[in-house]
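Residues per chain are reported as follows:
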Amino acid sequence: MNLKSKLTLGVVITLLLALSACCTMSITVSKKNILESSITYSESELEKLEDNLLANWQDIGKDSKALTIQSVLKYYFFKQTQYSDANTEYVLLMDDGEVICNNSGINPEAIMDLSKDSGIQTEMIHLSECSYLVCGKTLSINNAYYHIYLVKNITSIFEQLRRLSIICMAIGLVVCVIAGAFIVFFL
């Protein structure tokens, strides 16, 4: 192998490694930031739902029957969640696990165990080619505990990151081919 070939190959390999390292770091940082932003947004959405439920709760008397409480709670829960985006679904459970409202198709109790004193808990799960972010919190209403969950489909985030990876690899290969052609031309 002559000097010209060795120099070209060495520069192209070095450039390819440097571009790969830059793309990997950029995608890793992007993934971390996007997921943190999604978690923060979902937690604030869950807190708003909790605030709205508690604000509307004053309509019920303290000595109402359990069925009345559940019906009113289900009504307000539905009212607050009906205009959410298509990727966000909600779950409302009694402390004993009885489902009051679940439009997610996921059993969040199997994913996380909410304690009565904890704040918002967050988990990320992958089920049947979909990724979900689940946020949950325990509410105390009228001396009873309820668990509210927000389930957000975040599959599109991972698809966007995969597309970004492919674009970075393609750009890196094109840059390496062009750099190799320039090196051959100038040598």
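Structure report, in brief. Fair warning: this is a prediction, and the values are worked out from it, not measured in the lab.

Concerning the overall build of the chain
So, point 1. Helix and strand counts for the chain come out as 3 helices and 5 strands.
So, point 2. Along the chain, helices and strands appear, N-terminal first, in the series α-α-β-β-β-β-β-α.
So, point 3. Here the C-alpha radius of gyration of the chain, 26 Å, is well above what a compact globule of 187 residues would show, namely 16 Å.
So, point 4. Taken over the C-alpha atoms alone, the chain extends approximately 90 × 30 × 25 Å along its principal axes.
So, point 5. When burial is assessed residue by residue, the chain has 33% of its 187 residues classed as buried.
So, point 6. A separation threshold of at least 6 residues defines the contact pool for the chain, and within that pool the share at least 24 residues apart is 58%.
So, point 7. A total accessible area of about 11,400 Å² is found for the chain, and carbon and sulfur atoms account for 59% of it.

Observations concerning the packing of helix α1 (residues 3-56) against helix α3 (residues 155-186)
Describing two packed helices takes the angle between their axes plus the distance from one axis to the other.
So, point 1. Remark: α1 packs on α3, axes separated minimally by 9 Å, with the N-to-C direction vectors making an angle of 160 degrees. With respect to each other, α1 and α3 are oriented roughly antiparallel. α3 is crossed by α1, and the crossing has right-handed handedness.
So, point 2. Residues of the contact of α1 with α3, tallied by class, amount to 20 nonpolar, 6 polar and 2 charged.

Remarks on the pattern of salt bridges
When their charged atoms lie close together, side chains carrying opposite charge are able to pair.
So, point 1. Within the structure shown, the criterion is met by 3 salt bridges.
So, point 2. Notably, a salt bridge pairs E45 with K152, separated by 3.7 Å at the nearest N-O pair. Remark: K152 occurs in strand β5 (residues 144-153) and E45 occurs in helix α1; sequence separation between them is 107 residues. For the pair formed by E45 and K152, the shared burial category is buried.

The rules behind the values
Residues numbered from 1 in each chain as written. Predicted model: local features only at pLDDT ≥ 70, side-chain atom pairs only at ≥ 80, totals over all residues. Heavy atoms only, no water. Helix = DSSP H or I, 4+ residues; strand = E, 2+ residues; numbered from the N terminus. Rg over C-alpha atoms; globule rule 2.2 N^0.38 Å. Buried < 20%, exposed > 50% of the residue type's maximum accessible area, 1.4 Å probe, protein only. Contact = heavy atoms within 4.5 Å. Areas by Shrake-Rupley, 256 points an atom, 1.4 Å probe, with all protein chains shown as cover. Axes fitted to C-alpha atoms, helices over the stretch in contact; angles between N-to-C directions. Parallel < 35°, antiparallel > 145°, perpendicular 65-115°, else oblique. Left-handed = near helix turned anticlockwise from the far one by under 90°. Nonpolar A, V, L, I, M, F, W, Y, C, P; charged D, E, K, R; others polar. Salt bridge = Lys/Arg side-chain N within 4 Å of Asp/Glu carboxyl O.

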